[in-house]
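Residues per chain, in single letters:
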Amino acid sequence: DTGVSQDPRHKITKRGQNVTFRCDPISEHNRLYWYRQTLGQGPEFLTYFQNEAQLEKSRLLSDRFSAERPKGSFSTLEIQRTEQGDSAMYLCASSLAREADTQYFGPGTRLTVL
Amino acid sequence: DAKTTQPTSMDCAEGRAANLPCNHSTISGNEYVYWYRQIHSQGPQYIIHGLKNNETNEMASLIITEDRKSSTLILPHATLRDTAVYYCIVRVAAFAGNKLTFGGGTRVLVKP
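The structure reproduced in this document is the subject of the present report. (Residues numbered from 1 in each chain as written. Chains lettered and ligands numbered in written order. Predicted model: local features only at pLDDT ≥ 70, side-chain atom pairs only at ≥ 80, totals over all residues. Heavy atoms only, no water.)

**Here's the deal with the interface of chain A and chain B**
Thought 1: Taken together, the contact pairs 22 residues of chain A with 19 residues of chain B.
Thought 2: When the two sides are added together, the surface that chain A and chain B hide from each other amounts to roughly 1,600 Å², 50% of it contributed by carbon and sulfur.
Thought 3: Together, A:Pro43, A:Asp101 and A:Phe105 form the three largest contributors to the area buried by chain A at its contact with chain B, with a combined 34%.
Thought 4: Linking chain A to chain B there are five residue pairs in polar contact (both at pLDDT 80 or more).
Thought 5: Among the secondary structure elements, those contributing two or more residues to the side of chain A that touches chain B are strand S4 (31-37) and strand S5 (44-50) of chain A.
Thought 6: Considering each element in turn, the side of chain A that touches chain B owes the most residues, four residues, to S4(A).
Thought 7: For the side of chain A that touches chain B, the per-class residue count stands at ten nonpolar, six polar and six charged. (Contact = heavy atoms within 4.5 Å. Buried area = accessible area lost by both parts, 1.4 Å probe. Polar contact = N/O pair within 3.5 Å; in protein donor to acceptor, adjacent residues only side chain to side chain. Helix = DSSP H or I, 4+ residues; strand = E, 2+ residues; numbered from the N terminus. Nonpolar A, V, L, I, M, F, W, Y, C, P; charged D, E, K, R; others polar.)

**A closer look at the layout of surface pockets**
Thought 1: Here the largest pocket defines a volume of roughly 590 Å³.
Thought 2: Around the largest pocket sit 27 residues that line it, and A:Gln37, B:Gln38, B:His40, B:Val85 and B:Arg107 are the ones nearest its centre.
Thought 3: Within the residue set of the lining of the largest pocket, elements represented by two or more residues are strand S8 (84-92) and strand S9 (106-111) of chain B.
Thought 4: Across the lining of the largest pocket, the residue classes break down as nine nonpolar, 15 polar and three charged. (1 Å grid on protein atoms, 1.4 Å probe; cavity = no way out; pocket = protein on both sides within 12 Å on 5 of 7 lines; lining within 4 Å. Points joined across faces, edges and corners; volume = space filled by probe spheres on them.)

Take a look at the structure:
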């Protein structure tokens, strides 16, 4: 068990560009979550998957954001036409469905939009 | 999920117990108290959770008042590596709950 991994760790992009982040959860975990964290604030929930099904999306997840988990394993989070307000840490977490309160977080991807 | 109130920051001395308070006066009967912490440049880490009884694990102890309107997380022998932001979260337990709702947390600085 290597824990939750995220790639890349840092991403700098220009406004208007598209970016994609990847999350690899703990292998036996069927739930995967995405959160966003801005400086000085706690993480904010974006969306979660149970296996390959996306079961909940936050209102924070505008139509420029899309997340997938095609085979119920790794997940990708894509942001289209990035804006400066998208600059944040994007955190991925995973858990077992029966232990959804014990979520294991990855190190995050820090996005900077110039 | 019930709202929680935590001090913004606190300092504690290395080797001493750190007592982190959390107020959750609107907690419902089926809501648990969870604690997570976030060390700088890392994702949050689960610490402990409880419903009404006091709980202890290898990381910390959780003391919940009898009326459940407040709780205290105790780090028995704080080390420099315990410097982090500590989040108190109140929510219904697994199956019914999915997302974690983080507040501002308490920024704890352990000093030598």
